[in-house]
Amino acid sequence: MKAWNLQKRVLFLALAPLTVAVLLLSLHFTNARIQDLELALQNRGQTIAARLAVDCEDAMSPVDRKELVKIAQSALREKDVLAVSVSSMNGKILASATLKETKGKSSPLPEISRYKFLAPVYQREPTAQEEVSTGARKKQVGWVSVSLSGAALQTEQNKILIQSLLIVLIGLVVTVVFALRMARTVTQPVLALTKAVEKIKHGELDYRVATQSSGEVGRLEDGINAMAAALQEARDKEKKRAEDALFLEQVRAQVTLESIGDGVITTNAAGKIVYMNPVAEQYTEWKQADAQGLPLAEVFKIFDEDSNRLEEYPIHYCLQEGRVIRHDSHHLLMSHDGGKIEIQDSAAPIRDRDGVILGAVVVFHDVTEIQGMARRMAFLASHDPLTGLLNRREFETRLQQVLQKAHTGDKDHALLYMDLDQFKIVNDTCGHIAGDELLKQLAHHMQKEIRASDVLARLGGDEFGVVLEDCTIDKAHQIADLLRQSVKDFRFLWEGRTFEIGVSIGLVPIQHDSGSITEVLSAADSACYVAKDHGRNRIHIYQPGDRALAKRRGEMQWVQRLREGLENNSFDLYCQAIIPLNQEPTSTGRFYEILVRVQDEDLVLPAAFIPAAERYHLMPSIDRWVISTVFAMLEKSQTRSAKQGTAVGTRFAINLSGQSLGDDTFLEFVMQQFAQHRINPATICFEITETAAVANLARARDFIARFKGMGCQFALDDFGSGLSSFGYLKSLSVDYLKIAGDFIEGMIEDAVDLAMVDAINQIGHVMGITTVAESVEKASILNKLREMGVDYAQGRGIDTPKPLHQILQLPEQEWDAVRVRAREMVG
């Protein structure tokens, strides 16, 4: 009943006494009716027995057995009579008759259903004369016994019981329904008060109960509302005091939290638990009340981390020897529910003032996450997180070991350097998620194609490496070709699209005369890119003196020089004039193309280093350096002399590589440069090669649209060198069409080149685009271009490139300062 709500209690209090009263009354009346029925049966049985006793008087003096039998049998005709017997005074049966004998049945009723009645039989009464003459008196000569059936009585009693029960049930149902309605009426205000108390208990002191009752409940409602108002007022007063004490409480709370940051269990001298702090309860999943008094080993179950076997905690060292236990290694603690966490623990004895050991304290903390991170860090230190293969660091360690074996032994080994072909297509068309999934699938696919002793690793991006230990060059070539064919046959499915890729492989034998790991990796990388240059999806075996590898190494040397150039500002900016052919230069303003050179004993032209820069993705960095430097110089020049030399009418064309157009952050970088340097966008013309624009068509459109809106101009460079020039020209909103120099140089001698120049010029004019001829070296070419109506021309035959700071009329020292600042902005 303690868990019952108020309504249940009211119902119980109302119904319990009523139910008891109804049951008692029903029991009383039912019992009375049953007793009446039994009394009626007894009266009837006694009457039948007395009547038979009178009938038997004549047959008893003398005894006439036949007559007695007839009398007994005649009594069986009475309702419910089962048996009749006549006996003498000494108990001898003189005559008897039973219903069984009469009807020939053999299954008597049970004794509980029989009622037996006796009546005395007296001698026939003497006449008055006989009584006077003889002095005889009436005396008892025997007994008549009558057995009646109780079945009818029991049936009637059952009916009475059933009727009584039905009446009780109906009454109880009606009472319950009525009591429920009354209970709701009675308890509803009390429940409202209970709700108000709960609200107030949880801090909702502005809650008020509706006053809808009278009497005591109404006064209680008013009292609770008054109490809530008083509590609300008291809370407001307490708030100021609490704020004043907050700093001190925070300090105390901080100290307390630090003291209970670990799990703490204390035991008595017998090693049984006395106390567990909340952290210990959380880790062990034992409540202190349940764990108190239990042996420590029953609650604090630890397993060896390596063997995963249950160990007994050595608390006896503390309790018996007084030693402090510190475990530098980790244990597994099994909680009450069977879970396990990794812990680091220690234990120390608890002593009284006299040094007597009273118990021990065990302190432990959860290191599961730290250990998981450590294992994860250990894995990531040697594995690639995306594919699960070895990473470059571990790969180089394994490769170094193989090199040492090769240098000291007589076995041959091999190194495969693999670069995926067409991987960029998947990345560009489906996104990096698809590219990552391709790398994971392909790593798993390639792992099945190599030997168990071989080492496969992801070296970065879409590059993989394989160390083939104890493998001849011929066997290595077979394995490499197996990998190449396996990758070629692999099909990558993504969102209903199927992609086919390939792999270019550089193979380097590792022998006793092989160089250092740097030299071996460099040779493998070079061989791989030679395979890529020769058509992709092929294998190139490294051989000393290989011309293709020599060219590759030359490019690698350029990569280092270009990186140093970006760091040390060893680039120079030159510019070459672009002149109009059919009008005076002063009428359109001056127009220059910015050219970049590498500082050396002699200035190095772009043709020498641009291929290496493009191959090793250095062009975005070079383009950024050029834009930052040019913008800084133009800002300086325009600020110094807005009306001289490079006034607003002078324009400068800056070349952009396809790699920069494909860079997600390049557009934002150029926007930042315009915002940082106060130059007129109309003075800038960006040149994009035809092949770069076609390869990055969508981004080229966005780039052009963004900066044309600011006032910049655009030129399509090397037009005619691509395969789909005219088809793509309609979708690019450019201002200038620069005809490829290959056509210009041969147009005098080659009719096809002449026709191409004329066609490009005519199409450009039809589309409203100004045409520019590049690489004009001869006067005959210049005259022919003017005759054809080409708008502009540039080349060494017209103008030799000059340093940009001379064109801008900047002193050399200011040019150096601007160049340094531009490098700092790019870096």
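Remember, predicted model here, so these are calculated numbers, not experimental data. (Residues numbered from 1 in each chain as written. Predicted model: local features only at pLDDT ≥ 70, side-chain atom pairs only at ≥ 80, totals over all residues. Heavy atoms only, no water.)

### A short note on the sheet that holds strand β18 (residues 502–510)
Two pairing modes exist for strands in a sheet, parallel and antiparallel, and in both the strands are linked by backbone hydrogen bonds.
And step 1. Reading across the sheet, the five strands line up as β14-β15-β13-β18-β19 and stay open at both edges, with mixed pairing between neighbours. Across the chains shown, the open sheet's two edge strands, defined by having one partner strand only, are β14 (455–460) and β19 (539–541). In this sheet, adjacent strand axes meet at a mean angle of 20 degrees when their direction is disregarded.
And step 2. As paired elements, strand β13 (residues 413–421) and strand β15 (residues 463–468) share six bridges and run antiparallel to each other. Within the sheet, the bridge partner assigned to Tyr417 lies in β15 and is Gly465.
And step 3. Packing against the sheet, helix α15 (residues 473–489) makes contact with β13, β15, β18 and β19, and its axis sits at approximately 165 degrees to β18.
And step 4. Across the sheet, helix α16 (residues 517–533) lies against β13, β15, β18 and β19, angled at about 145 degrees from β18, the strand it touches most. (Pairing = 2+ DSSP bridges. Helix = DSSP H or I, 4+ residues; strand = E, 2+ residues; numbered from the N terminus. Axes fitted to C-alpha atoms, helices over the stretch in contact; angles between N-to-C directions. Contact = heavy atoms within 4.5 Å.)

### Points about the side chain of Gln576
And step 1. When you line up the elements, Gln576 lands in strand β20 (residues 571–577).
And step 2. Its relative accessible area of 8% is what places Gln576 among the buried residues.
And step 3. One polar contact links Gln576 to Gln794, side chain to side chain, over a distance of 3.0 Å.
And step 4. Leave out the neighbours within four places in its chain, and Gln576 touches Phe591, Tyr592, Glu593, Leu595, Gln794, Gly795, Arg796, Asp799 and Pro801. (Buried < 20%, exposed > 50% of the residue type's maximum accessible area, 1.4 Å probe, protein only. Polar contact = N/O pair within 3.5 Å; in protein donor to acceptor, adjacent residues only side chain to side chain.)

### Description of the pattern of salt bridges
And step 1. Counted by the stated rule, this structure contains 29 salt bridges.
And step 2. A salt bridge links Glu238 to Arg241; the shortest N-O distance between them is 2.0 Å. Here Glu238 and its partner Arg241 are both found in helix α6 (residues 215–259), three residues apart, which amounts to about one turn of the helix.
And step 3. By relative accessible area, which is 34% here, Glu238 ends up partly exposed. (Salt bridge = Lys/Arg side-chain N within 4 Å of Asp/Glu carboxyl O.)

### A short note on helix α14 (residues 432–447)
And step 1. Between its first and last C-alpha, α14 extends 22 Å over 16 residues, near the 22 Å set by a 1.5 Å rise per residue.
And step 2. Three or more residues of α14 are buried, namely Ala434, Gly435, Leu438, Leu439, Leu442, Ala443, His445 and Met446.
And step 3. Those residues of α14 that are buried are in contact with β13, α13 (423–430), β14, β15, α15 and β16 (491–494). (Expected span 1.5 Å × (residues − 1).)

### Side note on the side chain of Glu463
And step 1. Summarising the element assignment, Glu463 is placed in strand β15.
And step 2. In this structure the side chain of Glu463 is engaged in a polar contact, spanning 2.9 Å, whose partner is the side chain of Tyr417.

### So, the pairing of strand β24 (residues 684–689)
And step 1. Counting buried positions along β24 yields five of six residues, so the element is predominantly enclosed.
And step 2. As judged from the five bridges shared by strand β23 (residues 651–656) and β24, these two strands associate in the parallel manner. If you follow Leu656 over to β24, its bridge partner there is Ile688.

### Some points on the sheet that holds strand β25 (residues 713–719)
And step 1. Spatially, the 10 strands line up as an open sheet ordered β21-β28-β27-β26-β25-β24-β23-β22-β20-β29, and their pairing is mixed. In the strand order of this sheet, the two ends are held by β21 (579–580) and β29 (802–803), each with one partner.
And step 2. One ladder, built from four bridges, connects strand β26 (residues 736–739) with strand β27 (residues 770–773); its direction is parallel. Bridged to Lys738 within β27 is Val772.
And step 3. Packing against the sheet, helix α24 (residues 697–708) makes contact with β23, β24 and β25, and its axis sits at approximately 145 degrees to β25.

### Let's talk about the confidence of the model for the protein
And step 1. Confidence along the protein averages 82 in pLDDT terms, with 86% of residues attaining 70 or more.
And step 2. Long-range and interchain partners of residues 101–107, a stretch whose pLDDT sits below 50, account for three contacts in this model, where long-range means more than four residues apart. (pLDDT = per-residue confidence, 0-100.)

### Side note on the pairing of strand β7 (residues 301–304)
And step 1. Bridge analysis of β7 against strand β10 (residues 331–334) gives four bridges, and the strand direction is antiparallel. By the bridge assignment, Asp304 is partnered in β10 with His331.
And step 2. As judged from the two bridges shared by β7 and strand β8 (residues 310–311), these two strands associate in the antiparallel manner. In the strand pairing of β8, Ile302 is matched with Glu311.

### Structural notes on the nonpolar core
And step 1. Grouped together as the largest cluster of nonpolar side chains are 73 residues, with contacts concentrated most on Phe686, Phe703 and Leu785.
And step 2. In terms of residue count, the dominant contributor to this core is helix α20 (residues 619–640) (nine residues).
And step 3. Each residue touching Leu785, except ones within four places of it in the same chain, is listed here: Leu581, Ile744, Met747, Val757, Ala773, Val776 and Val790.
And step 4. Listed in part, the 34 residues of the second largest apolar core include Leu416, Leu439, Ile450 and Leu507. (Core = buried A, V, L, I, M, F, W, Y, C linked by side-chain atoms within 4.5 Å.)

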